[in-house]
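# Structural features, examined
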Amino acid sequence: MSFEINDIVRPNIRQLTPYSSARHEFSGEASIFLDANENAFGSPLAANVNRYPDPLQLALKEKISSIKGVPAGNIFIGNGSDEAIDLLYRIFCEPGKDNVILYPPTYGMYEVCAEMNNVEVRKIPLLENFQLNLDATAEMIDANTKLIFVCSPNNPTGNSMHKADIETLLNNLNGLVVVDEAYINYARQKTMIPELTEYPNLVILQTLSKAWGLAGLRIGMAFAGEPVITLLNKVKYPYNISTATQQLAMEALNNISSVNNWTKSTVEQREWMAGQLLLLSFTQKVYPSDANFLLVKMENARKIYEFLAVRGIIVRDRSKVILCDDCLRITIGTGDENKQLLAALKLYKA
Ligand SMILES: *Cc1c(COP(=O)(O)O)cnc(C)c1O
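Residues numbered from 1 in each chain as written. Predicted model: local features only at pLDDT ≥ 70, side-chain atom pairs only at ≥ 80, totals over all residues. Heavy atoms only, no water.

Turning our attention to the domain arrangement of the protein chain. For the protein chain, the domain assignment lists domain 1 (5-254) and domain 2 (257-346). Each of domain 1 and domain 2 has a C-alpha centre, and these two points are 29 Å apart. Counting residues at the interface gives 23 residues for domain 1 and 21 residues for domain 2. Summing both partners gives a buried area of about 1800 Å² for domain 1 against domain 2, and 63% of it is carried by carbon and sulfur. Looking only at domain 1, the three residues that lose the most surface to domain 2 are Pro156, Tyr186 and Arg188, adding up to 35% of its buried area. In this structure, the connection of domain 1 to domain 2 is made through 1 salt bridge. The salt bridge partner of Arg188 is Asp290, with a shortest N-O separation of 2.8 Å. (Domains from an automatic or database assignment. Contact = heavy atoms within 4.5 Å. Buried area = accessible area lost by both parts, 1.4 Å probe. Salt bridge = Lys/Arg side-chain N within 4 Å of Asp/Glu carboxyl O.)

All right, on to the side chain of Arg329 then. Mapped onto the elements of the fold, Arg329 is located in strand β11 (residues 327-331). Buried and without a salt bridge, Arg329 has Asp317 as its closest oppositely charged side chain, separated by 10 Å. For Arg329, the side chain forms a polar contact with the side chain of Asn155, separated by 2.8 Å. (Helix = DSSP H or I, 4+ residues; strand = E, 2+ residues; numbered from the N terminus. Buried < 20%, exposed > 50% of the residue type's maximum accessible area, 1.4 Å probe, protein only. Lys, Arg positive; Asp, Glu negative; His and termini not counted. Polar contact = N/O pair within 3.5 Å; in protein donor to acceptor, adjacent residues only side chain to side chain.)

Close contacts around the ligand come from 14 residues, with Asp180, Tyr183, Thr207, Ser209 and Lys210 the closest. In the environment of the ligand, an oxygen atom lies 2.7 Å from a nitrogen or oxygen atom belonging to the side chain of Tyr183. Here Arg218 contributes a side-chain N or O atom positioned 2.7 Å from an oxygen atom of the ligand. Calculation on the ligand without its partners gives an accessible area of 380 Å², and the protein chains cover 93% of this total. Class assignment of the residues belonging to the shell around the ligand gives a composition of 5 nonpolar, 5 polar and 4 charged. (Near = heavy atom within 4 Å. Areas by Shrake-Rupley, 256 points an atom, 1.4 Å probe, with all protein chains shown as cover. Nonpolar A, V, L, I, M, F, W, Y, C, P; charged D, E, K, R; others polar.)

Here we come to the pairing of β11. With respect to burial, β11 is a largely interior element, 4 of its 5 residues being buried. For strand β9 (residues 293-298) and β11, the ladder comprises 5 bridges, and the chain directions are antiparallel. What sits directly across from Leu294, in β11, is Ile330. Bridge count for strand β10 (residues 316-317) against β11 is 2 bridges, and the pairing is antiparallel. By the bridge assignment, Arg316 is partnered in β11 with Arg329. (Pairing = 2+ DSSP bridges.)

As a working rule, side chains carrying opposite charge can pair if their charged atoms are close by. The tally for this structure, following the rule as stated, stands at 12 salt bridges. Two residues, Arg122 and Asp142, come together in a salt bridge whose shortest N-O distance is 3.0 Å. Highlighted residues: Arg122 in strand β3 (residues 120-123) and Asp142 in the loop between α7 (134-140) and β4 (145-151), separated in sequence by 20 residues. Here Asp142 falls in the partly exposed class, since its relative accessible area comes to 30%. As a salt-bridge pair, Arg270 and Glu271 come within 2.8 Å of each other at their nearest N and O atoms. Relative accessible area serves as the criterion here: at 2%, Arg270 is assigned to the buried category.

Printed below as a string of structure tokens:
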């Protein structure tokens, strides 16, 4: 199938003349900037925040490029992954006409953004083994299916999706397959970044919110072919990432060794916690995880959630979510936090 981006973009977006910011129109060398109505005297902060930020975050993209092995022209940076998710809807999905496919149980924002944008959601539950149901997908796809969201490793089930299945989707959809790799640093399975050169309809989402320890900074990344990146840049707010955020992210990305150490500890703790949780009489199942959390099936999960909450330990109750009956999603904490959780659970009487 030959993929042509213009066939799937909303006509109003294709025709849109984007806002052209002052900082965008002039990008050469200069010393006097009287083009953006900024306060030339300075700012109450020591930092140079009296000036508008780089709308395309080029320095930060170069840094991310060197770490991820993706050319800067194939990178979009958003105010969290959620900005990229919302923009994909606004660029590709005609409200009231187009549809997207989701595989519950999965990350909640795909559906929230669909509803905000009045886009039809076609839900195909994961199979019993938490993998993609390709037969049902083939039946659900039609000419108006613009996006398929695949979360891998998946939140809240923790598993990675089979790469061959994702490639089947990529080969058969005349729309975008969005692979959300928020937890990829913790996974045995490798990123699909190398596949970007092969599939013009692949979008990969990653974030600095999880392994990188920067959830408060709000930096999400989309990796995709240049036509998709150009559209994301066209539709985003001109100054979506603040100067302070860009500078702090640059600093953080120089500190890759502590991130690697935390990731290694988290994976070790995850495997240790899986074993410890299995020893509890009321634990029914600990699902294998490629992420920094465990999905655990326990007798009367809601009661256990409340028992822990009273003791100041908050886990995520997923017991009302499809395929997650009686399941809690437990984030892996520090060694000390994990021990305190286990100690509290040992006091619980089933
Ligand atoms: C946590 C998470 C994100 C991160 O979102 P940000 O907006 O970048 O913080 C994205 N996708 C999934 C599946 C997540 O669990």
